[in-house]
There are 2 protein chains.
Amino acid sequence: MKAKITLKDIARELEVSISTVSKALKNSEEISRDTKEKIQAFAKLYNYKPNNIAISLKNKRTKNIGVVIPAIVHHFFTTVIRGIEKYANAKGYNVIVCLSEESFDKEVINMEMLANGSIDGFIMSLSSETQQKEDYNHLKEVTEQGIPVVLFDRITNEIDCDKVVIDDQLGAYMATKKLIEQGRKKIALITTDDYLSVSKARTEGYRKALLESELEINEARILKLSTMEVDEKSIRNFFNTQEVDAVLCVNEIFTVFSMRLVQEKGLSIPKDISFIGFTDGLLSKYANPSLTVVAQHGEKMGEISAQMLIDKVESDDGEERFQTKILEPTLVIRDSTFN
Amino acid sequence: MKAKITLKDIARELEVSISTVSKALKNSEEISRDTKEKIQAFAKLYNYKPNNIAISLKNKRTKNIGVVIPAIVHHFFTTVIRGIEKYANAKGYNVIVCLSEESFDKEVINMEMLANGSIDGFIMSLSSETQQKEDYNHLKEVTEQGIPVVLFDRITNEIDCDKVVIDDQLGAYMATKKLIEQGRKKIALITTDDYLSVSKARTEGYRKALLESELEINEARILKLSTMEVDEKSIRNFFNTQEVDAVLCVNEIFTVFSMRLVQEKGLSIPKDISFIGFTDGLLSKYANPSLTVVAQHGEKMGEISAQMLIDKVESDDGEERFQTKILEPTLVIRDSTFN
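Residues numbered from 1 in each chain as written. Chains lettered and ligands numbered in written order. Predicted model: local features only at pLDDT ≥ 70, side-chain atom pairs only at ≥ 80, totals over all residues. Heavy atoms only, no water.

Colleague: Teacher, can you tell me more about the interface of chain A and chain B here?
Modeller: Quoted interface sizes are often the accessible area lost when the parts come together. Each side of the interface is counted separately: chain A has 45 residues, and chain B has 43 residues. Carbon and sulfur atoms make up 58% of the surface buried where chain A meets chain B, a total of about 3600 Å² over both sides. Applying the counting rule to chain A against chain B returns four salt bridges. Of the charged contacts in the structure, one is a salt bridge between Glu-232 of chain A and Lys-285 of chain B, with a shortest N-O distance of 3.1 Å. Taken together, chain A and chain B are joined by 16 residue pairs in polar contact (both at pLDDT 80 or more). (Contact = heavy atoms within 4.5 Å. Buried area = accessible area lost by both parts, 1.4 Å probe. Salt bridge = Lys/Arg side-chain N within 4 Å of Asp/Glu carboxyl O. Polar contact = N/O pair within 3.5 Å; in protein donor to acceptor, adjacent residues only side chain to side chain.)

Set out below in C-alpha cells:
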C-alpha cells in the first residue's frame, strides 16, 4: 500500500518550504505563477488531496484528542496537559501530545500525521514561528473540513474556532500595579518580541499600569528577547547597563535566571529589587527566594479546552458557534516581593 | 467504516482491567478460566486481532517515530526528547510524543494508538506502574511482530530489544564518594521504592560507596517515597526526625524541595549540609545555591536511542541482534557542595 503524499513530501521533492506548498495549493498570490504551476502539477500527478489532512471523517470516532504544543520546557504547558488529560480521560478520551518545538514546519507535519485518522479533534497552542509568519493555512484546512479545533494561550484571530486564554494584559497590569504599590519606581520588563501574542498583551498591561500611575515609561527598561529561550548574554548585559528596582518577566525561566544574576551582584531580593514572573510552576515554587507569580491557571485552561473540544466532537449540531473563554489571572504572592 | 476494536474497548465493555484482557488473550494462568473464556469469546465475536497493535507493516514506512515517556515534569525527559528530535529530524523522521503519566493503562493505550499505522518504531521509558506490575505483554506483542523498540532509562530485562541507560549505580556511587571525601558522615538518600529500576540501581551505588568507606549504613537515613512526585509531608517529616550532613536525591525536584526545607530551618548550604541530585536540569541550574548534580546526559541518550531505532527500521537484515548501551554519568560540581 502506497502511503498518501503529504505537504512535507511535496516540499522535499520540489525543494521549497512547506509554507510555499501550502500557499501554492491555495493559489495564493504571494507565490510566483511558475512555482505555483510546478507545485500544482506535482500535486496532481501524485494525487495529493488538500483534504488529506481531514481524512479523519466526522463519523469515525477515535476517542483520541491531538494536542500540539510549542514546548514542554515551560511548566505552564505541562499543567495544561494535565488539565486536558484529567477532563478527557474522565470522558473516555485518550490524549496524544505532539511538540512543534516553536517550528512552523513541525506544527504542520504533526497536524498532518495526527489528522490521518488518529484523532477526533485538536487542542493547540501556536508555535512562535507560526505567529511570526502569520501563516495559518494548515489550521484553516482542518477547520474547513469540520474537524474541531480549540486554540489556547497562543491564539490567532485569523481562525474561527473555540479559544481559551487568560487575560494576559490584566495579569501584567496587576503585577506591575503591585510593584508600584510597594514603592518601586524603576520597573523593568523582560519579554519577547511582540509577534508572540501573549508577550504583546503582557507588554500592554505593563505600560497601562505605569501610565495610570504617572510613572515614566523608559523604553530602555523593556528588554525584548527574540525567543522564549533564555538568552543569557542579553539578560546579563541588560542588568549590567540598567539600574532597576523591580522586574516583571513573561515566563518563570527568565525570572529565576535574572534572580540568580542580581544575587551574584550582591543584591538582596526583595529588599533591593523585587521580581514577579508569569506562570506558577515548579521553578517558581522552589526558587530561593520563592517567586511571586501571575498564575495562568494552566490546569483549568486545559480542562476547559478539553471540555470545549469534546462538546464539539460529540455535538450533532451542524451550526458553527465559537466562543473565546477568558480566564482571570491571579497574583500569588511569595518571597520575591514584599507581602 | 467501523473502527477496529482495541484492548481498551474490550476492557471497558467487560469491566475488567486492560492488563486482565491482555493476559487473558495470551492465555495466562494468572487469569481464571471463566474470565479468560469470556474475554476470548468477546474478542472473537468482535474480530479482535492480537496483532492489531502491529498493523504498521514493516514495508510501509511512515517516517514517524513514536516516543512514550512517563512524565514531562522531570526535565530529564525533556532533554531526551530534544536528543531524539535532533537525530531523527536530521534523518527526515518526525517524532510524536505520548505521555503514559506513570500509568500502565495509558502506556498500553498510547502504544495501540501509535502502532495503528502511524509510526515505524517506538522509543520508550517505562511507566512506574508498568515496572511495579512487571506486566510487559504490550511490549512483547510489538517486538514479536517485528516493530523495533528501543527502551531507555527505565528498562526491563524481560524484553529483547535495544536499550540505552546510564550507569545509575555508578552515578550514585560517585556522588556518595564525593560527599564522603568532603568529610560528610551522615549521608541521607531520598529515593523511591525499589520497583523503579533506576531507584534500585542508585540505592545500590549509595550503599556500595558507604560500605567501601566503612561508614555505617543507617536505614533510617534512606527515605523511600512511593512515587517520583514530591511527597512534601514525608520529606518534611524526614528532615524533622533525622540529623544528616549531606543528602543525595534521585531527582532534582526532590533536591530543590529539600534544600528549601533545610534553608527554612536556618541551615547553610553547603556549610552545614551538602546536596547532590540526579539530572542536570533547569531547576538544578537556577536553584540557589545552584545544585551539584549527577548529569544523566539525556540529550545524548535521546540521540543514541534514535540512532539505534532508525538503524533497525532501515535495516534489511532479518537477524535479531540487540545491544544495551551504558553511558557514563558525570558529576557536575556547583554550589550545593564544596568544590
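Colleague: Just checking my understanding: could you explain the nonpolar core for this structure?
Modeller: For soluble globular proteins, the rule of thumb is that nonpolar side chains tend to be buried together. Counting residues in each nonpolar core, the largest one holds 90 residues, and the members touching the most others are Ile-69, Ile-123 and Phe-152 of chain A together with Ile-69, Ile-123 and Phe-152 of chain B. When sequence neighbours within four positions are dropped, the list of residues in contact with Phe-152 of chain A reads Ile-69, Phe-76, Phe-77, Val-80, Ile-123, Met-124, Ser-125, Val-164, Met-301 and Ser-305 of chain A. Ranked by size, the runner-up nonpolar core spans 62 residues in total, among them Ile-269, Phe-275 and Tyr-286 of chain A together with Ile-190 of chain B. (Core = buried A, V, L, I, M, F, W, Y, C linked by side-chain atoms within 4.5 Å. Buried < 20%, exposed > 50% of the residue type's maximum accessible area, 1.4 Å probe, protein only.)

Colleague: Just checking my understanding: could you explain unusual backbone geometry for this structure?
Modeller: If a residue is not glycine, its phi is most likely negative; likewise, a peptide bond is most likely trans. In this structure, the amide linkage connecting Asn-288 of chain A to the following residue, Pro-289 of chain A, adopts the cis form with an omega of 0 degrees. One can find Pro-289 of chain A in the loop between helix H12 (282–286) and strand E10 (292–295). Of note, the bond from Ile-269 of chain B into Pro-270 of chain B is cis; its omega dihedral lies within 30 degrees of zero at 5 degrees. In this fold, Pro-270 of chain B is placed in the loop between helix H11 (252–264) and strand E9 (274–278). In this structure, Glu-15 of chain B is a non-glycine residue whose phi angle is positive, near 55 degrees. Structurally, Glu-15 of chain B can be placed in the loop between helix H1 (7–14) and helix H2 (18–25). (Helix = DSSP H or I, 4+ residues; strand = E, 2+ residues; numbered from the N terminus.)

Colleague: Could you clarify how one ought to interpret the pairing of strand E7 (residues 222–225) of chain A in this entry?
Modeller: Sheet faces and side chains relate simply in a regular strand, where the side chains alternate between the two faces. All names here are of chain A. Of the strand pairs in this sheet, strand E6 (residues 187–192) and E7 are connected by four bridges, and their pairing is parallel. Opposite Thr-191, over in E7, you have Lys-224 as the bridge partner. The β-α-β motif built from E6, the intervening helix H9 (residues 197–212) and the parallel element E7 has right-handed crossover chirality. (Pairing = 2+ DSSP bridges. Right-handed = clockwise from strand over helix to strand, strands pointing away.)

Colleague: For this particular structure, what's the right way to read the environment of Cys-161 of chain B?
Modeller: All names here are of chain B. Summarising the element assignment, Cys-161 is placed in the loop between strand E4 (149–152) and strand E5 (162–166). Judged by relative accessible area, which is 4%, Cys-161 ranks as buried. The spatial distance from the C-alpha of Cys-161 to the C-alpha of Val-150 is 6.1 Å, given a sequence separation of eleven residues.

Colleague: What should I look at first to understand the packing of aromatic side chains in this one?
Modeller: Scanning the entire structure with this criterion turns up eight aromatic pairs over all chains. Linked through ring pairs, Phe-76, Phe-77 and Phe-152 of chain A together constitute an aromatic cluster. Over the ring of Phe-278 of chain B we find Arg-202 of chain B; its NZ or CZ atom is 3.9 Å from the centre of that ring. A cation sits over an aromatic face here: Lys-208 of chain B above Tyr-173 of chain B, 4.7 Å from the ring centre. (Phe/Tyr/Trp six-rings, centres within 6.5 Å; stacked < 30°, edge-to-face > 60°. Lys NZ or Arg CZ within 6 Å of the ring centre and 35° of its normal.)

Colleague: Please explain the pattern of salt bridges as it appears in this structure.
Modeller: A side chain with one charge can pair with a side chain of the opposite charge if their charged atoms come near. Taken as a whole, this structure holds 38 salt bridges over all chains when the rule is applied. Notably, a salt bridge pairs Glu-85 of chain A with Lys-106 of chain B, separated by 2.7 Å at the nearest N-O pair. Of this pair, Glu-85 of chain A sits in helix H4 (residues 75–90) while Lys-106 of chain B sits in helix H5 (residues 104–115), placing the two residues on different chains.

Colleague: What's the story with H5 of chain B in this structure? I'm lost.
Modeller: Because each turn of an α-helix spans 3.6 residues, side chains separated by three or four positions in sequence point in the same direction. All names here are of chain B. In this model H5 runs 17 Å from its N-terminal to its C-terminal C-alpha over twelve residues, within 8% of the 16 Å that 1.5 Å per residue would give. Among the twelve residues in H5, eleven count as buried, and that is most of the element. Turning to H5, its buried residues number three or more, namely Phe-104, Lys-106, Glu-107, Val-108, Ile-109, Asn-110, Met-111, Glu-112, Met-113, Leu-114 and Ala-115. A distance of 3.3 Å separates the backbone nitrogen of Asp-105 from a side-chain oxygen at the start of H5, and that oxygen is part of Ser-103. (Expected span 1.5 Å × (residues − 1).)

Colleague: Help me understand the relation of the copies chain A and chain B, please; the structure alone is not making it clear to me.
Modeller: Overlay of chain A on chain B (RMSD 0.0 Å): rotation 180 degrees, translation along the axis 0.1 Å. Overall, the copies show the geometry of a two-fold rotation axis. Looking at the interface residues of chain A, 93% of them are also at the interface in chain B, so both copies use one shared face. (Least-squares fit on C-alpha atoms with pLDDT ≥ 70 in both.)

Colleague: What is the right way to read the sheet that holds E9 of chain B from this model?
Modeller: In any sheet, the strands associate via hydrogen bonds between backbone groups, in a parallel or an antiparallel arrangement. All names here are of chain B. Spatially, the six strands line up as an open sheet ordered E7-E6-E8-E9-E10-E12, and their pairing is mixed. In this open sheet, the two edge strands, each paired with only one partner strand, are strand E7 (222–225) and strand E12 (330–332). Between one strand and the next, the sheet's axes are offset by a mean angle of 15 degrees, whatever the strand orientation. The sheet strands contacting helix H10 (residues 232–241) are strand E6 (187–192), E7, strand E8 (246–249) and E9, and the helix crosses E7 at an angle near 170 degrees. Here H11 sits on the sheet and contacts E6, E7, E8 and E9; the angle it forms with E9, its principal contact strand, is near 160 degrees. (Axes fitted to C-alpha atoms, helices over the stretch in contact; angles between N-to-C directions.)

Colleague: What should I look at first to understand empty space enclosed by the protein in this one?
Modeller: Over the atoms a probe the size of a water molecule is rolled, and this reveals where empty space is left. Taken as a whole, this structure holds six cavities of 30 Å³ or more when the rule is applied. In this structure, the largest cavity occupies an estimated 160 Å³ of space. Looking at the largest cavity, it is lined by 15 residues, and the ones nearest its centre are Val-73 and His-75 of chain A together with Val-73, His-75 and Leu-282 of chain B. Mapped by element, the contributors of at least two residues to the lining of the largest cavity are H4 and H12 of chain A together with helix H4 (75–90) and helix H12 (282–286) of chain B. (1 Å grid on protein atoms, 1.4 Å probe; cavity = no way out; pocket = protein on both sides within 12 Å on 5 of 7 lines; lining within 4 Å. Points joined across faces, edges and corners; volume = space filled by probe spheres on them.)

Colleague: For this particular structure, what's the right way to read the domain arrangement of chain A?
Modeller: Residue and element names in this part refer to chain A. Examined at the domain level, chain A breaks down into domain 1 (7–50), domain 2 (55–165 + 298–327) and domain 3 (168–296). Inter-centroid distance (C-alpha atoms) of domain 1 to domain 2 is 26 Å. Every contact between the two is made by nine residues of domain 1 and, on the other side, ten residues of domain 2. When the two sides are added together, the surface that domain 1 and domain 2 hide from each other amounts to roughly 870 Å², 54% of it contributed by carbon and sulfur. Between domain 1 and domain 2 we count one salt bridge in total. Note that Asp-135 and Lys-23 form a salt bridge whose closest N and O atoms lie 4.0 Å from each other. Summed over the shared surface of domain 1 and domain 2, the number is one residue pair in polar contact (both at pLDDT 80 or more). Looking at the side of domain 1 that touches domain 2, the elements that each hand over two or more residues are helix H1 (7–14) and helix H2 (18–25). Element by element, the count of residues in the side of domain 1 that touches domain 2 is highest for H2, at four residues. The residue inventory of the side of domain 1 that touches domain 2, partitioned by class, reads four nonpolar, two polar and three charged. (Domains from an automatic or database assignment. Nonpolar A, V, L, I, M, F, W, Y, C, P; charged D, E, K, R; others polar.)

Colleague: Honestly, the pairing of strand E2 (residues 94–99) of chain B in this entry has me stumped. Any pointers?
Modeller: Residues and elements named next belong to chain B. When you tally the buried positions in E2, you get six out of six residues, the bulk of the element. Of the two faces of E2, the one carrying Asn-94, Ile-96 and Cys-98 and the one carrying Val-95, Val-97 and Leu-99 are both buried. Taking the sense of rotation as the criterion, the β-α-β connection linking strand E1 (residues 64–69), H4 and E2 turns out right-handed.

Colleague: Looking at this structure, how should I read the side chain of Gln-131 of chain A?
Modeller: The topology assignment puts Gln-131 of chain A in helix H6 (residues 128–133). If sequence neighbours within four positions are ignored, Gln-131 of chain A has contacts with Leu-126, Tyr-136, Arg-154, Ile-155, Tyr-195, Leu-196 and Ser-197 of chain A.

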